[in-house]
Structure formats: C-alpha cells, structure tokens
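Observations on the three-dimensional arrangement
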Amino acid sequence: MYHLVKGLYRYATSKEEYSVILLGLDNAGKTTLLEQIKAHFLESQTEPRLKTVPTVGQNVATVSLPDMYLKIWDVGGQHSLRNLWQSYYSSCHAIVFVIDSSDVGDADINKLRSEQGIEAGRLAECKLVLESVLQNEDAEGVPVLVLANKQDREDCVEVVKIKEGLVRKVFEGEKGVSVRDSRVLPMSALNGVGVREAVEWICSRVKWNKESRPPVMR
Ligand SMILES: Nc1nc2c(ncn2[C@@H]2O[C@H](COP(=O)(O)OP(=O)(O)OP(=O)(O)O)[C@@H](O)[C@H]2O)c(=O)[nH]1
Ligand SMILES: [Mg+2]
C-alpha cells in the first residue's frame, strides 16, 4: 500500500524535464546568461553572480517552472573545448547559441572573403562554429535559439543585422532547414534584458518538439 501511494504521489507531482545547452564562442556571455536565468527563476538565488571567469568544463543548473524543469548546461566556448560540445547533442532538447554582438565586425558574411583582420576573423569563426553545430547529425531537428547578446554596448551590431547578415545565411545552407525551429532574439545578459523572452521561447519549442525528443519525467 505504501509503495502504491508513494508511486501515485510521485506520478502526480512529477514534471517533464528538458535539457538545454548554451553554446557560442568564448566570451559570448553564456555563463552570464546562466547566472541571470538562475536569478530570474531560482528562489534560492535572487542576485545574479555576474563576475564570471572563462568556463573550463561545464556549469549546470535546473530551474523549476510551472509545467517543466529546464536543465541548462553551460559549456566552455574556447577553441580547445568546442569538440566537447557534441557529447551533449543527442540528449539535449534545445540549443541556445550566444553571439557577442560587439565581436562580429559588421556581421555580414558576404564580405568575409574580401576582409582581413581580427573582426573578420571572429565573424568567420562564429559562422564556422554555428555551421558545425547545425550540421551535426546528433543535433538534427533540435530547436535553435540564437541570442544577439551584449545589446547594451554602444559598439554592438543590431539584432536585425546579425539575423540577416549572419544567422539567416548560415541556416539557409543547412540541410533539412525546414524541419528545424529557430529564432534570433536580442539580449543583454549583463543587464538581464531578454532573459524571460528567451526562456519562454525555449519552453514553447521543446514542448512542440517533444514527439521527436521526448522529455525525461522527474
Ligand atoms: N556589456 C556586456 N557584457 C557582457 C554581457 N554578457 C556578458 N558580458 C561580459 O562578457 C564577458 C564574458 O562573459 P561570460 O559569460 O563569462 O562568457 P562565456 O560565453 O561564458 O565565455 P566562456 O566561458 O569562455 O565560453 C564577461 O566580462 C561578462 O561580464 C552583456 O550582455 N553585455
Ligand atoms: Mg562561460
């Protein structure tokens, strides 16, 4: 009887859990975003810890929302750490790709061939890294949210340019582009602007995609 009651209680109180992975070049703002998500959605933490250091390895946090848990993985974006990302793809339900809007030149990949220098180098790097995420078989069909971060900076490129000049062109090159849900949103992880909208988008898309990628019950 005890086990039956315990089982029923567990069934009634369990929620779906979805995993989200934060990707993007080093210094893009992934850890800052994770801290803001924790401050927005965890009762135990109200102030975001905004003093970050480059991530070596991973940070993880689970936030409890009314109808689901979101388990968020923040991994290091440094070049030498990027080959670790692929081990997360097969079990994730959404990918968030964070871009530093002040570190992609003018965000026009059509100009890449003619331009040289550090800015073009980071734009080219961002393009290649996003392409490699989209092309990975294990990430096929997973909703992708691209965040144009650091929109508070005066030298940032506006979100529409990042969307048209970089993201849309990379997505157009993807095989089977029509089956993947994607969106580009502006963000300032430092100020917490855009955090709720980003989380809302993720929640709606992981639910839409749950037949292809079922959640875990917790
Ligand atoms: N102005 C501004 N700075 C930001 C923003 N988000 C992050 N930063 C700063 O950018 C730097 C890098 O932020 P992190 O969150 O550590 O970057 P990361 O993507 O986790 O970097 P790795 O762990 O190396 O991959 C820090 O100095 C942050 O304070 C933002 O929205 N605006
Ligand atoms: Mg980090």
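An unreviewed UniProt entry annotates the protein as p-loop containing nucleoside triphosphate hydrolase protein originating from Xylona heveae.

So, on to the overall build of the protein. Summing up its helical and strand segments, the protein has six helices and seven strands in all. Counting helices and strands in the order they occur from the N terminus, the protein gives α-β-α-β-β-α-β-α-β-α-β-α-β. For 218 residues, the compact-globule estimate of 2.2 N^0.38 gives 17 Å, and the C-alpha radius of gyration of the protein, at 18 Å, lies within 12% of that figure. Reported as C-alpha extents along the three principal axes, the dimensions of the protein are approximately 75 × 40 × 30 Å. Buried positions account for 36% of the 218 residues belonging to the protein.

Here we come to the site of ligand 1. As a matter of local geometry, ligand 1 sits amid 22 residues, with Gly 29, Thr 31, Thr 52, Thr 55 and Gly 77 nearest to it. Element by element, the count of residues in the shell around ligand 1 is highest for helix H2 (residues 30-41), at three residues. Partitioned by chemical class, the residues of the shell around ligand 1 number five nonpolar, 12 polar and five charged.

The buried fraction of strand S3 (residues 68-75) is high, at six of eight residues. Two strands pair when backbone bridges link them, and strand S1 (residues 16-23) and S3 are joined in this way by seven bridges, in the parallel orientation. Note that in S3 the partner of Leu 22 across the bridge is Asp 74. Once strand S2 (residues 58-65) ends, the chain turns through two residues before running back antiparallel as S3.

To continue, consider the pairing of strand S4 (residues 94-100). Across the seven residues that make up S4, a large majority, seven, are buried. The alternating pattern of S4 places Ala 94, Val 96, Val 98 and Asp 100 on one face and Ile 95, Phe 97 and Ile 99 on the opposite face, and all of these are buried. Bridging between S1 and S4 involves four bridges; their strand directions are parallel. The residue of S4 that forms the bridge with Val 20 is Ala 94. Summarising the sheet, S4 and strand S5 (residues 144-149) pair through six bridges and their orientation is parallel. Among the inter-strand pairings, Val 98 is bridged to a residue of S5, identified as Leu 147.

Right, let's get into the confidence of the model for the protein. For the protein, per-residue confidence averages 93 on the pLDDT scale, and residues scoring 70 or more make up 94% of the total. Overall fold confidence for the complex sits at a pTM of 0.94, while the interface term, ipTM, reaches 1.00.

So, about helix H1 (residues 2-13). Between its terminal C-alpha atoms H1 stretches 16 Å, which fits the 16 Å expected from 12 residues at 1.5 Å a residue. Across the 12 residues of H1, zero count as buried, placing the element largely on the outside.

Scoring rules and cut-offs
Residues numbered from 1 in each chain as written. Chains lettered and ligands numbered in written order. Predicted model: local features only at pLDDT ≥ 70, side-chain atom pairs only at ≥ 80, totals over all residues. Helix = DSSP H or I, 4+ residues; strand = E, 2+ residues; numbered from the N terminus. Rg over C-alpha atoms; globule rule 2.2 N^0.38 Å. Buried ≥ 20, exposed ≤ 12 C-beta atoms within 10 Å, placed from the backbone. Near = placed C-beta within 6 Å. Nonpolar A, V, L, I, M, F, W, Y, C, P; charged D, E, K, R; others polar. Pairing = 2+ DSSP bridges. pLDDT = per-residue confidence, 0-100. Expected span 1.5 Å × (residues − 1).

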